[in-house]
Amino acid sequence: SLSLSLSLIMGTLQTSCILSCKSSLNQTVTSPYLGVIRKVGFASLWRRTSKYRSLSLIRSVEDRNEDRGLRSSQDGSSTLEDDKKGPLLSTERDVSGSIVGFRLIPQSGDNKVIEFCDDQATDREEVTEDVEREEKIPTRVTRNIVFVTSEAAPYSKTGGLGDVCGSLPISLAAHGHRVMVVSPMYLHGDPSDKIYSQALDLECHVKVYCSGGVQEVAFFHEYRAGVDWVFVDHPSYHRPGNPYGDIFGAFGDNQFRFTLLCHAACEAPLVLPLGGFTYGEKCLFLVNDWHAGLVPVLLAAKYRPYGVYKDARSILVIHNLAHQGVEPAATYKNLGLPPEWYGALEWVFPTWARTHALDTGEAVNVLKGAIVTSDRILTVSQGYSWEITTAEGGYGLHELLSSRKIILNGITNGIDVTEWDPSLDEHIASHYTIHDLSGKVQCKIALQKELGLPVRPDCPLVGFIGRLDFQKGIDIILSATPELMQDDVQFVMLGSGEKQYEEWMRVTESFYKDKFRGWVGFNVPISHRITAGCDILLMPSRFEPCGLNQLYAMRYGTIPVVHSTGGLKDTVQNFNPYAQEGRGEGTGWTFSPLSRESMLAALKIAIETYRKHKSSWEGLMKRGMERDYTWDNAAVKYEQVFEWAFIDPPYVG
């Protein structure tokens, strides 16, 4: 056989790429360094590598050259022959026998010869005029990406995690990557199960060894929006409620359910022939929160010791560090890991957090194991990536995260700009754009009518959308509401959560009939109408890894007033009316510390700006609507982290 080696030298770096010579040189050749070389022969190949310093030809000759179409001439050159059309490639040698160039001889029998000579002194390229010039396209590295997640919209969703894993894979697939999303197939025995109607049974079952026995899981598959959506099916996912619990609280077997998910996700790229072939071993796993946290541990403990996934990488994406998957130490044997890997998940509660005097505080922490074994760590905003390294925001993992700060980054989430678009939104009363804001007033009037509030277009309308719990700062809103209601404003709240806050909303509505409305529960169309109809969106969260409502609000020209924390601080720029030669800058107001007084102070400044400085308010609206928080923008940043993940060798323990 005859092999061609293209030595590509840039500076001091030299990489060799072996291209196999077939019976015809005028064919499509694929190279991992050059991409696809189209049917233009070696002239195109030389042109596309002209920025490098040399091109050399190396041949290996077997004993029977004549039988394989290789003929040596008397002058030491070699010619590759086609069985039917004669010689195609001829090499030229100097007196020492070294190859100094080669000649490409067309198959047509024409005497025209294309010569390529090694000229390292110049960057000259010699190309025949009959070869059509190709457009130079920048090289893009595409990867096989596997998302592992407990929820992915629209199939399952309880919060921001579902939004991320439902939208980011689609954007990455649009960038040319091959993307799979692995999540459980939650069946509730009600009409909501029809969301999986397009998912087909792959008739591929794998056995998972965990919890002291053997569990069999099945895979269903739907190809949608360029993404392979893979659903892991097991009886433990068939029950009413949300992915984590029901009206009685969290499910007691969540560790078991998500251990199954992680084992199945590690097998999926190896065994599922999606589109006719598997993803293979060289994958990039994006594992989301503790529910998928066993994946990097399994790669290091179960697969790499046997030569499997040795080229794979894993990236942990932390959406909420408060949830870590902590269970008693005795449950380690249920995870399907070798005994010697207990240290990766070992966790000891401090004395003050133990239940009684004899409690040793020993436990297993799945998220801790993921932090230890992942190749990169991401959070959903830059601010949150710093907060989790502090004692206040690290939930006991701040020292470990600080030790891995070199691989820790933050990328702000994007939003679905097709669902959240004021110019097209089907849920709002009137459409509007950054160039014509008149429709926003109509949305405000329609919202006031729908909620039974007095129709007052000039009255500041403040909104809140979110869970009614301690994290979202509902207690701060509760304490500030009496003073806020003394002002000439209207206040609308949408959400569900702790019963005491739900009841408070009902009582407050009955007390301030013309100023306050509380909608207990969650309703997607109403959330769109509140976002479009309100003038101000209030978010006094104690911590917020990213936050999406402030991004939706800015896209709809609604001004956010937020606590300066996490993703809220990253995405909302504080208003400065004196910047830009008096034109102002900023998209909202941030306040700190988190207190009733500081929140009311920020709200009052926003309300006065709305009333007395209409031009400044319009500037705030437009600057917020101009912001680019698309998933495509986020996907570009994720691709950079992918490159970093493959620079260093994978974690091996």
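Right, let's walk through the structure included here. (Residues numbered from 1 in each chain as written. Predicted model: local features only at pLDDT ≥ 70, side-chain atom pairs only at ≥ 80, totals over all residues. Heavy atoms only, no water.)

### Here we look at the sheet that holds strand S19 (residues 326-328)
Next, step 1: With respect to topology, three strands assemble into an open sheet ordered S19-S21-S20, the strand pairing being antiparallel. Strands with a single pairing partner mark the edges of an open sheet, and in this sheet they are S19 and strand S20 (346-348). Direction aside, the axes of adjacent strands within the sheet are offset by 45° on average.
Next, step 2: Across three bridges, S20 lies against strand S21 (residues 362-365) in antiparallel orientation. (Pairing = 2+ DSSP bridges. Helix = DSSP H or I, 4+ residues; strand = E, 2+ residues; numbered from the N terminus. Axes fitted to C-alpha atoms, helices over the stretch in contact; angles between N-to-C directions.)

### What about the packing of aromatic side chains?
Aromatic rings considered in pairs are described by the distance between their centres and by the relative angle of their planes.
Next, step 1: Taken as a whole and judged by the stated rule, the model has 22 aromatic pairs.
Next, step 2: On the numbers, 6.4 Å between centres and 85° between planes, the contact of Trp347 with Phe349 is edge-to-face.
Next, step 3: On the numbers, 5.0 Å between centres and 85° between planes, the contact of Phe511 with Tyr512 is edge-to-face.
Next, step 4: Taking the relative accessible area as the measure of exposure, Tyr512 reaches 21% and is therefore partly exposed.
Next, step 5: Three or more aromatic residues joined by ring pairs make a cluster, and in this case those are Tyr155, Tyr196, Trp229 and Phe231. (Phe/Tyr/Trp six-rings, centres within 6.5 Å; stacked < 30°, edge-to-face > 60°. Buried < 20%, exposed > 50% of the residue type's maximum accessible area, 1.4 Å probe, protein only.)

### Things to note about the side chain of Thr259
Next, step 1: Mapped onto the secondary structure, Thr259 falls in helix H3 (residues 254-271).
Next, step 2: Once residues within four sequence positions are removed from consideration, Thr259 is found in contact with Cys210, Leu294, Asn334 and Leu335. (Contact = heavy atoms within 4.5 Å.)

### Examining the side chain of Ser183
Next, step 1: One can find Ser183 in strand S11 (residues 178-184).
Next, step 2: Its relative accessible area of 2% is what places Ser183 among the buried residues.
Next, step 3: Not counting residues within four places of it along the chain, the set of residues in contact with Ser183 comprises Thr149, Val230, Phe231, Val232 and Leu261.

### Regarding the pairing of strand S24 (residues 461-465)
The side chains of a regular strand alternate, first on one face of the sheet and then on the other.
Next, step 1: Most of S24 sits inside the fold, with five of its five residues counted as buried.
Next, step 2: Burial along S24 is two-sided: the residues Leu461, Gly463 and Ile465 and Val462 and Phe464 are all buried.
Next, step 3: Bridging between S24 and strand S25 (residues 490-495) involves five bridges; their strand directions are parallel. Following the sheet pairing, Gly463 is matched in S25 by Val492.
Next, step 4: Since S24 and S25 lie parallel, the crossover through helix H10 (residues 474-484) that links them has a hand, and here it is right-handed.
Next, step 5: Where S24 meets strand S27 (residues 536-539), two bridges bridge the pair, whose relative direction is parallel. Within the sheet, the bridge partner assigned to Gly463 lies in S27 and is Leu537. (Right-handed = clockwise from strand over helix to strand, strands pointing away.)

### Some thoughts on helix H12 (residues 524-533)
Next, step 1: Within H12, seven of the ten residues are buried, which leaves the element mostly enclosed by the surrounding structure.
Next, step 2: Those residues of H12 that are buried lie in contact with helix H9 (438-451), S24, S25, strand S26 (516-520) and helix H13 (549-555).
Next, step 3: Capping the start of H12 is the job of one residue whose side-chain oxygen sits 2.9 Å from the backbone nitrogen of Ile526: Asn523. (Polar contact = N/O pair within 3.5 Å; in protein donor to acceptor, adjacent residues only side chain to side chain.)

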